[in-house]
Amino acid sequence: MSIEIKTKQCIGCGRCCKVCPGSLICLNGGIAEIPHPERCWACVSCVKECPVQAIHMYLGEDMGGLGGRLHVLREGTLLHWTVRKPDGSIRTLTVDSRDSNKY
Amino acid sequence: MEPQIKTLRTEFIETDFLIIGGGTAGCYAALIFCEQADGRVLIAEKANIQRSGCLAAGVNAINAYIVPGKTPQDYVDYARTDADGIVRGDLLLTMAEGLNRTVEKMESLGLTILKDEQGRYVTRGSRNIKINGENIKPILAEAVKEKPQITVLERINVFEYIVEDNRIKGAYAIGVDAPVLYVISAKAVLCATGGAAGLYKPNHPGFSRHKMWYPPFNTGAGYAMGIRAGAEMTTFEMRFIALRCKDTIAPTGTLAQGVGAKQINASGEVYEQKYGLTTSQRVHGTVMENQEGRGPCYLRTIGITPEQDEDLQKAYLNMAPSQTLRWLESGKTPGIQNVEIEGTEPYIVGGHTASGYWVDTNRETTVKGLFAAGDVAGGCPQKYVTGAFAEGEIAARSAAKYMNSTAGTFDRARYEEQKRWLEGFLNCPQASFTTDEVEEAMQAVMDEYAGGIGSHYRFSEKSLNIAAEKIRELEQQAQTLSAGGMQELVYILELQERLTLCKSVIAHLAAREETRWHSFAENVDYPDSSPKWNRYVNSRLEGGRLSILFRPLVQEGETYEH
Ligand SMILES: Cc1cc2nc3c(=O)[nH]c(=O)nc-3n(C[C@H](O)[C@H](O)[C@H](O)COP(=O)(O)OP(=O)(O)OC[C@H]3O[C@@H](n4cnc5c(N)ncnc54)[C@H](O)[C@@H]3O)c2cc1C
Ligand code: SF4
Ligand code: SF4
């Protein structure tokens, strides 16, 4: 389980590098890089922080991952979470941070 | 390529109140200290306080709250039953009395809490309230950053206390990026570094090895520093094993308590009643069902409504998004397929069990001026987020009082020794093993001989002896490792912390000659529990040797002093 950084999308703002609780991301030539993806805890802090949705989370194959990707777009208090399934189809779930968990 | 770092620069920093670890307890303590005293506060944090520690991904509920009709004493009784008696009544009660106050404060800072039409918090079960916990850490971090009294020093890794005549004087740290040795002097110190993950082989030892429940970045620094400084520690034998969604290791409470999902075996039989309902019994039941061929085990979610199904997917996005990804990428959402569960590797976490510093009722450790709160502090299980806040509050008040009486001066020359030792790793050309290899070897030893997943959490005196010997060997190897830069140097320090803690865990497991908590401490030589062991197992490093001591139970109503 880890993250993937879409280097073409990355604008090098460095926010992901700052926020990671394991200090796992760095800028290399102005582009974000995770030298040790196997150290990732999958807390998605970086995914939420990236202003251009360049960071996607996936489940490692060793834990039964199927190749799907998760990323999120922030809009005020709304978080639009998008899962791109292995077959290319997309599912978006929106959560408002002013709403509590029902459970 | 950056030039290879070979030497460290030394920086001296002075403060009044040093807080090690800007997590849940640390950040909250900083806020409370500012309400109590004028002194300078320095938070030394290895990452960035916005998302560091347990709260990074968010939490699903407030697990410790005194709901209407219940009292703090009820909470104490619950925690005592769950730990089968091995708790500190004084710590639990003082923590429980502070819980609701901390929730009010968090709400005033912006935490979303579910309320009914009358404006009362909506409860979940008899101790929880419902929140949106996704942004709980950023809310806390923002409040800290607004206080001019507080300085936050990020990306610095604290690794050793400065103690003279059993009185705290400060701590040493290194930069995670900058080649700097920080020598921090303080009048009072709070240790709030959280618990320890990564001692045992994890559920997925390969690529996904860090997909664990507890943060892999909480490496037990606070425990190890305390052990080395000769602080008395308690109840390391009460390990914590979490029952979690298989593979993603996501929490199960939302399924069990939220939609009432029951634990069932492969034949669909509800087995939880058979083994008991305490936290350790639930883990044990799952282990037994699997071992006796009735596994795998599940939480029965088939049959929930489509609306509940979607609400669960959203709820997990607020705390463990990997579970939602798992559901959606496979198409097997909880309404369609039961959620398989498994036990994790053992952790040492004083916020769930009772492992950690032996503190007095004011949360002062046996080292004068050194306080402890949150997962690193012992004797007070089931504290969770709000309990960590409440302990941070008590510790901050105690530290504010202590400050007036002491000054933080010490012999500065000793830092040279630390600097040379650290530079040794940076200048070591090539070591026989890498840090990762030694870490993996340590996890394998703990798994096989000290009751990890692979040994169904069981151990014996003989197996613990082997574990102790092998860990000692690995400790030698960990002194001759090579670091290619600051981050690698941090990894070496983290490994050494874990090895130090492993030795204490092994000694504690061996000392409690009974099985009081299945799975958490399953001693095959002593399969039953005995009233003789209604006491604490504590330990202290004395003259280089770890000695075990036993202490009688402390009840609520008492004020415990060292
Ligand atoms: C995944 C997860 C989900 C949880 N869900 C819930 C829930 O829903 N409800 C609930 O009530 N409780 C929950 N808990 C429990 C609760 O979050 C913890 O008990 C509590 O947050 C612990 O607080 P702490 O301050 O002790 O540790 P943390 O908040 O982890 O803080 C420790 C801090 O110390 C820093 N640190 C560590 N070592 C060093 C070092 N050497 N130098 C400098 N800094 C260092 C870390 O980076 C971190 O910032 C959950 C825990 C986890 C792990
Ligand atoms: S998901 Fe979390 S641990 Fe992984 S790289 Fe991003 S911030 Fe770091
Ligand atoms: S946050 Fe996004 S854009 Fe900014 S550096 Fe990281 S990946 Fe690049």
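Values in this document were obtained by computation on a predicted structure and should not be read as measured data. (Residues numbered from 1 in each chain as written. Chains lettered and ligands numbered in written order. Predicted model: local features only at pLDDT ≥ 70, side-chain atom pairs only at ≥ 80, totals over all residues. Heavy atoms only, no water.)

Colleague: Quick one: what's the story with the overall build of chain B, residue by residue and with numbers?
Modeller: A count of helices and strands for chain B gives 15 helices and 23 strands. Relative to the globule expectation of 24 Å for 562 residues, the C-alpha radius of gyration of chain B, 23 Å, shows essentially globular dimensions. Along the longest, intermediate and shortest principal axes, the C-alpha atoms of chain B span 65 × 55 × 55 Å. Within chain B, the fraction of its 562 residues that count as buried is 63%. For chain B, the accessible area works out to roughly 19,800 Å², and carbon and sulfur atoms hold 47% of it. Once the 59 positive and 71 negative side-chain charges of chain B are each reduced to a mean point, those two points are 1 Å apart. (Helix = DSSP H or I, 4+ residues; strand = E, 2+ residues; numbered from the N terminus. Rg over C-alpha atoms; globule rule 2.2 N^0.38 Å. Buried < 20%, exposed > 50% of the residue type's maximum accessible area, 1.4 Å probe, protein only. Areas by Shrake-Rupley, 256 points an atom, 1.4 Å probe, with all protein chains shown as cover. Lys, Arg positive; Asp, Glu negative; His and termini not counted. Charge placed at Lys NZ, Arg CZ, Asp CG, Glu CD.)

Colleague: Break down the overall build of chain A for me, with residues and values.
Modeller: Per the secondary structure count, chain A includes two helices and seven strands. Each helix (α) and strand (β) of chain A, taken in turn from the N terminus, gives the series β-α-β-β-α-β-β-β-β. Its C-alpha atoms give chain A a radius of gyration of 14 Å, near enough to 13 Å, the size a compact globule of 103 residues would have. Along the first, second and third principal axes, the C-alpha set of chain A runs to 40 × 30 × 25 Å. Looking at chain A as a whole, 54% of its 103 residues are labelled buried. Nonlocal contacts in chain A, meaning residues at least 24 apart in sequence, comprise 39% of its contacts between residues at least 6 apart. Surface exposure of chain A reaches about 4,500 Å², of which carbon and sulfur atoms provide 51%. (Contact = heavy atoms within 4.5 Å.)

Colleague: Before we move on, could you go through empty space enclosed by the protein and cite the residues and values that matter?
Modeller: Empty space among the atoms becomes apparent when a probe as large as a water molecule is rolled across them. Residue and element names in this part refer to chain B. Within the structure shown, the criterion is met by five cavities of 30 Å³ or more. Its boundaries defined by the atoms lining it, the largest cavity holds a volume of some 160 Å³. With five residues, the top contributor of residues to the lining of the largest cavity is helix 15 (residues 486-511). In this structure, the lining of the largest cavity is formed jointly by two domains, domain 1 (9-58 + 137-240 + 346-410) and domain 3 (414-530), each of which donates at least three residues. (1 Å grid on protein atoms, 1.4 Å probe; cavity = no way out; pocket = protein on both sides within 12 Å on 5 of 7 lines; lining within 4 Å. Points joined across faces, edges and corners; volume = space filled by probe spheres on them. Domains from an automatic or database assignment.)

Colleague: So what about helix 14 (residues 461-477) of chain B? Which residues, and what values?
Modeller: All names here are of chain B. Taking 1.5 Å per residue, 17 residues should reach 24 Å; helix 14 reaches 25 Å between its end C-alpha atoms and fits that length. Within helix 14 the residues assigned to the buried category are Ser463, Leu464, Ala467, Ile471 and Leu474. Down the axis of helix 14, the smallest arc covering the buried residues is 95°, so these residues share one side. In helix 14, the exposed positions that point more than 90 degrees away from the buried face belong to Lys462 and Gln476. On its buried side, helix 14 packs onto helix 13 (435-449), strand 20 (458-459) and helix 15. (Expected span 1.5 Å × (residues − 1). Arc of directions from axis to C-beta.)

Colleague: Please give an account of the site of ligand 2 that cites residues and values.
Modeller: Taken together, 13 residues are adjacent to ligand 2, and Cys20, Cys40, Cys43, Val44 and Cys46 of chain A come closest. Surrounding ligand 2 is a set of residues that belongs to chains A and B. (Near = heavy atom within 4 Å.)

Colleague: Please set out the site of ligand 1 residue by residue, giving values where relevant.
Modeller: Residue and element names in this part refer to chain B. Close to ligand 1 lie 33 residues; Thr24, Glu45, Ser52, Ala61 and Asp375 are nearest. One of the backbone N or O atoms of Ala61 is found 2.7 Å from a nitrogen atom in ligand 1. Here ligand 1 loses 97% of its free accessible area of 1,000 Å² to cover by the protein chains. Within the residue set of the shell around ligand 1, elements represented by two or more residues are helix 1 (24-36), strand 4 (59-62), strand 9 (156-164) and helix 11 (384-403). Among the residues making up the shell around ligand 1, the classes are represented as 16 nonpolar, 14 polar and three charged. (Polar contact = N/O pair within 3.5 Å; in protein donor to acceptor, adjacent residues only side chain to side chain. Nonpolar A, V, L, I, M, F, W, Y, C, P; charged D, E, K, R; others polar.)

Colleague: Give a detailed account of the domain arrangement of chain B, specifying residues and quantitative values.
Modeller: Residues and elements named next belong to chain B. In terms of domain boundaries, chain B breaks down into domain 1 (9-58 + 137-240 + 346-410), domain 2 (245-343) and domain 3 (414-530). Along the contact surface separating domain 1 from domain 3 lie four salt bridges. Between Asp436 and Arg209 there is a salt bridge, with the nearest N and O atoms lying 3.6 Å from each other. Linking domain 1 with domain 3 are 16 residue pairs in polar contact (both at pLDDT 80 or more), by the criterion used here. Looking at the side of domain 1 that touches domain 3, the elements that each hand over two or more residues are strand 1 (9-14), strand 9, strand 10 (167-175), strand 11 (180-185), helix 5 (221-228) and strand 13 (233-234). Considering every element that reaches the side of domain 1 that touches domain 3, the biggest residue donor is strand 9, with seven residues. (Salt bridge = Lys/Arg side-chain N within 4 Å of Asp/Glu carboxyl O.)

Colleague: Give me the interface of chain B and chain A: which residues, what numbers.
Modeller: Every contact between the two is made by 60 residues of chain B and, on the other side, 52 residues of chain A. Buried surface at the junction of chain B and chain A, summed over both partners, amounts to about 4,900 Å²; 56% is from carbon and sulfur atoms. Viewed at the interface, chain A and chain B are joined by four salt bridges. Note that Glu38 of chain A and Arg209 of chain B form a salt bridge whose closest N and O atoms lie 3.6 Å from each other. Viewed at the interface, chain A and chain B are joined by 22 residue pairs in polar contact (both at pLDDT 80 or more). Of all the secondary structure elements, the ones that give two or more residues to the side of chain B that touches chain A are strand 5 (112-113), strand 7 (128-133), helix 6 (253-258), helix 9 (306-317), helix 10 (321-330) and helix 15 of chain B. Class assignment for the residues of the side of chain B that touches chain A results in 23 nonpolar, 22 polar and 15 charged. (Buried area = accessible area lost by both parts, 1.4 Å probe.)

Colleague: If you had to explain the pattern of salt bridges to someone new, which residues and values would you point to?
Modeller: Using the criterion set out here, one finds 44 salt bridges over all chains in the structure. Between Lys6 of chain A and Glu4 of chain A there is a salt bridge, and its shortest N-O distance comes to 3.2 Å. A salt bridge links Arg512 of chain B to Glu237 of chain B, with the shortest nitrogen-to-oxygen separation between them at 2.8 Å. Highlighted residues: Arg512 of chain B in the loop between helix 15 and strand 21 (522-523) and Glu237 of chain B in the loop between strand 13 and strand 14 (243-245), separated in sequence by 275 residues. Classification of Arg512 of chain B by relative accessible area gives buried; the value is 2%.

Colleague: Can you lay out the side chain of Arg88 of chain B for me, pointing to particular residues and giving the numbers?
Modeller: All names here are of chain B. Considering the arrangement of structural elements, one finds Arg88 in the loop between helix 2 (72-82) and helix 3 (89-109). Overall, Arg88 belongs to the buried group, its relative accessible area being 1%. Residues in contact with Arg88, not counting those within four places in the same chain, are Trp358, Val359, Asp360, Thr361, Gly379, Tyr536, Val554 and Tyr560.

Colleague: A description of the sheet that holds strand 15 (residues 263-264) of chain B should follow, citing residues and the corresponding values.
Modeller: Sheets are built from strands paired through backbone hydrogen bonds, the pairs being either parallel or antiparallel. Strand order in the open sheet made by the four strands is 14-17-16-15 (chain B), with antiparallel pairing throughout. The open sheet is flanked by strand 14 and strand 15 of chain B, the only strands paired with a single partner. (Pairing = 2+ DSSP bridges.)

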